[in-house]
Amino acid sequence: MVEGFRPADLQEALEFMAKHPSIPIAGGTDLMIQKARGFGLKPDFNKPLLFIGHLRELRQISVRNGNIHIGASVLLNELIKNDKIPEALKMAVRQMASPPSRNLATIGGNICNASPAGDTLPYLYAADAFLVLKSSQAERKIPVGKFITGPGKTTLKSDELLTEIIIPDKVFSANYYKKVGTRKGMSLSKASFTGLADIESEKITDIRIAFGSVAPTIVRSREIEASIIGKPVSEIKNAVPEIVKKFAPLIRPIDDARSSAEYRKQVSLRLLENFLMKLT
Amino acid sequence: MKDSISKPITRVDAPAKISGAAKYIGDIHFENQLFAKTVRSDKPKAKIVSIKTPSLPDGYYIIDKNDIPGINRMRTVVSDHPIFADDEVNYIGQPILLVVGPEREKIYEIVSQIKIEYKDESAVFSIEEAEEKGTVFTEYSYSKGEPEAAFHDAVKIIEDEYHTGLQEHVYLEPQGITGEYKDETMFIYGSMQCPFYVKGAIQDVLGWDSDRIRIIQSITGGAFGGKEEFPSLMACQVAVASLKTKRPVQMIYDRDEDIICSTKRHPSIVHYKAGLGKSNQVIVLNIDIIFDAGAYSELSPVVLQRGMFSATGVYNFPHLSVRGRNFMTNNVPSGAYRGFGAPQTIFGTEMLMHNIAVKLGVDPLKYKINHLIKRGDPTCTGGKIRDEVKLLEIIEKVEKMSGYRRKIERRKKFKGIGVSLFLHGCGFTGKGEATIKGKIILKKNGDTVILKVSSVEMGQGAETCLRKIVAHTLSLPMEKVICETIDTGLIPDSGPTVASRTTMIVGGLLRQASLELKDCWNEANEIEISKTYKHPDFLSWDDDKFVGDAYPTYSWGANVAEVEIDSLTYEINVKKISAVYDVGVPIDEKMLRGQMQGGIVQSIGWATIEVMNSSKGKLAQHNLTDYKIPTSMDVPEIACKFIENPYEFGPFGAKCAGELPSAGAPPAVAAAVSNALGIPIKSIPLTPEYLMEIDKHED
């Protein structure tokens, strides 16, 4: 049995995947912890590892046709340093883990991990990001919200690799991000909130709202967003209770070792309210 | 400060630890060594009906209670913890047996095939439940004055209850021990605070004479009390394993395993009934302390005693009655943790004084100042405060450093400031030092001096401190004063490295011996001086009635905390801690400042973010992903000063220091949070979940 394979390029990686069901690994910052078994023991990988962190095809950041293309193996710290990356994404990434982890961890890993607490996800949902999934035979492009189906669950096929994240290169006039962790660094989110909005001529022309860690997947509602778009800024204040009320049933957090459902829900709705009030 | 003992020097242990050259127990490989893995109870309380083990391959062993030649109990204050479970288990994580062998993979495979059949019994999971069922391990009480009559005279009665939670030590290096049976002798190597405690425990378990047992401390990566009693248990297990296999056996815990089974800080509930006199002064106080001792008693009686004798804090209450109880629950045993019971009761008393003052509409600090104990006053146990108490000077300094008075008068919602006053009783509680009778040896060998003590370096700076005391006395360079290896075969028993006693007691003996050596330095090339601790005659202690001097002297402190609370999320941002301490004379000011900063940050963690709950005896937070301690990002600005107040019997006037900061920051932060939100605080940790909840109810 092959225990690990380090392909020379993306093509070789995809060909390997076509033949061997395997576990792609880049930084391994989550995977190694998930699979750790104990002091002095090999981690519990039931399939061969496919190392993709070094693949140059997956390490690029570029802007083409009004879209930002981010390779799946781009490191979190590279996102922070790159001037093509939107500020709203950087706000989230800066608060993830610690500098050493951010030098290993990749954006692709954070997405494929599909944790409800994945901190790049609320922004990617809000920004209408697409993911490029490649196999040796085919390529498909799907919205991030269609890719993640539940905690740790995605529609990734066994011969597919997430290669690229595509974000429309759009600058919002309002960028709001808040992570609620237990401490200031190296903390998993108890709740997180991303709010993006555009205001023109005193009217809301675009608004995106995404909640992390408060449901099996990231919460975003195009329907509620649509009900806000077009409203004059002056009406927002009065509309806040109604908007909060509409979101409330979508926020379905759990009690766990890190926080309580009650707190997560309260804090999420308070952040929503604060974001909306800041638009006025 | 040019030639002062307080002038900082480079720590002797720093280069090896910083460069990575330091060898911890996990770095030391023994020839032919085997590894051990513990099979633990996954039941909180049950009878063991049967244990089915697979047939073992050659070279693999199961070690259990049947392999113990001596007594199947770990020797400590109350020797009730079985080395391996007899026929019952009393907490999740209790050790039942070891699987020992050469390959870890195989060991884990064998462990996975062991099937234990239990018969569940009804368990007790909380202190409240234990109180209801009356599962008391220990109950003590003492009183002062005439509390009953005083309550009769009181014009106002206030009752309150304060809660504190579990705390895990999170020493950087998890627990690890290697045992090697060689030449008819048992050698134990490992990470530990108290080599002679381990030695005594091994003696009981093997039933051997003490000269066949040697305990050698390896470089220890932090302890905080967590390596006071616990290493004895692991040492006994590997000793039995090495005796059976005739090979060295190493057992090192993963972080998860360490958290699940090692001791923690005692959760507490402290109930107060205060009687106020005509001027609103507390004239009488009733304190009822309960600790969750967990499944076995072990050190808990003495932890409770320190908690009880520290419960009046820095105050002189004329009438007092104090009751303390340790309850048995089916939780992981509680044990020693920096502060040893005192941070729990000092938190309660400080918050009680704060909350009474706020209720009366007076400044908490002024209210506290009206109750301060002073030189000549009786202690809570009827001893005497013999040495000067510089609390007013401490308070004045901390007020100035923090701008407390100015800031408290301009209170804004979500921004707060709070003050705590606290003390620590130096050295062992009660007759502890008189019983242990610590012994040290100082040996001149040409131009070098070797000091022999059992006080260990565990990251706190003991080696630097003790060598510095000797070097400074003899006017020798540090490199000419060396410590003998911590090997019970080579050193006398200067006592365990606990109770903030190392500098004051052991350092004090070294200082006396150094002065004697100085006098006879030129008389011979080789000179050996030994000293044994003698309890000062003026101290008296009745251990049955708890009357007299519980401690020879006290160290004092004041903290001011400034906090900001996020109005949306209720997260606490501790912005600044101003701290002033009287530890007599600092032996090394920089090292001491490090101790204080560490103690402040560690205890802020306990007071704010460190949540450890158990549900039906199972810890919900059992790894460092879920149990969070502060990182460098969370460390507030810390301003720290010392005032000198030399203690006659301490080396260069030094008193105790290491545990003192643990009691200070929690009530200061809690008082600041109370100030920020305008609500009373009676429980820690102050999680945002808890604060949002109580602030909602107050609105």
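Residues numbered from 1 in each chain as written. Chains lettered and ligands numbered in written order. Predicted model: local features only at pLDDT ≥ 70, side-chain atom pairs only at ≥ 80, totals over all residues.

Caption draft 1: Representation of the domain arrangement of chain A within the structure. Residues and elements named next belong to chain A. What the domain assignment lists for chain A is domain 1 (4-168) and domain 2 (174-279). If you average the C-alpha positions of domain 1 and of domain 2, the two centres end up 25 Å apart. Domain 1 puts 18 residues into the contact, and the matching count from domain 2 is 21 residues. When contributions to the side of domain 1 that touches domain 2 are tallied by element, the ones reaching two or more residues are α4 (87-94), α7 (121-126) and β8 (148-150). (Domains from an automatic or database assignment. Contact = placed C-beta atoms within 7 Å. Helix = DSSP H or I, 4+ residues; strand = E, 2+ residues; numbered from the N terminus.)

Caption draft 2: Inspection of the sheet that holds strand β5 (residues 67-71) of chain A at higher detail. All names here are of chain A. Read from one edge of the open sheet, 5 strands run β4-β5-β10-β6-β7, paired in antiparallel fashion. Among the strands making up the open sheet, the edge pair consists of β4 (61-64) and β7 (139-143). Strand-to-strand twist of the sheet, defined as the mean angle between neighbouring strand axes without regard to direction, takes the value 25°. By the bridge criterion, 5 bridges tie β5 to strand β10 (residues 161-168) in an arrangement that is antiparallel. Counted as the bridge partner of Ile-70 is Ile-165 from β10. (Pairing = 2+ DSSP bridges. Axes fitted to C-alpha atoms, helices over the stretch in contact; angles between N-to-C directions.)

Caption draft 3: Focus on helix α14 (residues 462-474) of chain B. All names here are of chain B. In this model, α14 (13 residues) spans 18 Å end to end at C-alpha, consistent with the 18 Å of a helix rising 1.5 Å per residue. Within α14, 12 of the 13 residues are buried, which leaves it mostly tucked inside the rest of the structure. Listed in full, the buried residues belonging to α14 are Ala-462, Glu-463, Thr-464, Cys-465, Leu-466, Arg-467, Lys-468, Ile-469, Val-470, Ala-471, His-472 and Thr-473. Against β17 (439-445), β18 (448-452), β19 (481-483), α15 (502-520) and α16 (589-607) lie the buried residues of α14. In the segment just after α14, Ser-475 is the residue with positive phi, at about 50°. (Expected span 1.5 Å × (residues − 1). Buried ≥ 20, exposed ≤ 12 C-beta atoms within 10 Å, placed from the backbone.)

Caption draft 4: Spatial organisation of the domain arrangement of chain B. All names here are of chain B. Taken domain by domain, chain B holds domain 1 (25-121 + 169-261), domain 2 (268-430 + 545-698) and domain 3 (432-532). If you average the C-alpha positions of domain 1 and of domain 3, the two centres end up 32 Å apart. Put simply, the parts of the chain that give the side of domain 1 that touches domain 3 at least two residues each are α5 (195-206) and β11 (213-217).

Caption draft 5: Highlighting unusual backbone geometry. All names here are of chain B. A cis amide bond links Ile-684 with the next residue in sequence, Pro-685, at an omega value of 5°. With phi around 65°, Asn-32 is a residue other than glycine that occupies positive phi space. Looking at the element boundaries, Asn-32 is found in the loop between α1 (14-19) and β1 (34-40). One non-glycine residue, Ser-475, adopts positive backbone phi at about 50°. With respect to the helices and strands, Ser-475 occurs in the loop between α14 and β19. We classify Ser-475 as exposed; it has 9 C-beta atoms within 10 Å.

Caption draft 6: Quick peek at the sheet that holds strand β7 (residues 136-144) of chain B. Residue and element names in this part refer to chain B. Reading across from one edge, β7-β15-β14-β13-β8 is the order of the 5 strands in this open sheet, with mixed pairing throughout. The sheet is open, and its two edges are formed by β7 and β8 (156-164), each paired on a single side. Strand-to-strand twist across the sheet, computed as the mean angle between neighbouring axes with direction ignored, equals 10°. Packing against the sheet, helix α9 (residues 342-360) makes contact with β8, β13 (268-276) and β14 (282-294), and its axis sits at approximately 140° to β8.

Caption draft 7: Here's a closer look at the packing of α9 of chain B against helix α17 (residues 660-677) of chain B. All names here are of chain B. In contact at an axis separation of 9 Å, α9 and α17 are set at 30° when each is read in the N-to-C sense. The orientation of α9 relative to α17 falls into the category roughly parallel. Note that α9 runs across α17; the crossing there is right-handed. Side by side, α9 and α17 meet where Ala-342, Pro-343, Ile-346, Phe-347, Glu-350, Met-351 and His-354 of the first sit next to Ser-662, Ala-663, Pro-666, Pro-667, Ala-670, Ala-671 and Ser-674 of the second. Residue composition of the contact of α9 with α17, by class: 10 nonpolar, 3 polar and 1 charged. (Parallel < 35°, antiparallel > 145°, perpendicular 65-115°, else oblique. Left-handed = near helix turned anticlockwise from the far one by under 90°. Nonpolar A, V, L, I, M, F, W, Y, C, P; charged D, E, K, R; others polar.)

Caption draft 8: Layout of the pairing of β17 of chain B. All names here are of chain B. Direction of pairing for β17 relative to strand β20 (residues 526-532): antiparallel, over a ladder of 7 bridges. Within the sheet, the bridge partner assigned to Leu-442 lies in β20 and is Ile-529. Examined bridge by bridge, β17 and β18 share 5 bridges and lie antiparallel to one another. Within the sheet, the bridge partner assigned to Lys-443 lies in β18 and is Ile-450. Taken together, β17 and the strand that follows it, β18, pair antiparallel across an intervening segment of 2 residues, in which Gly-446 is found at a positive phi of about 65°.

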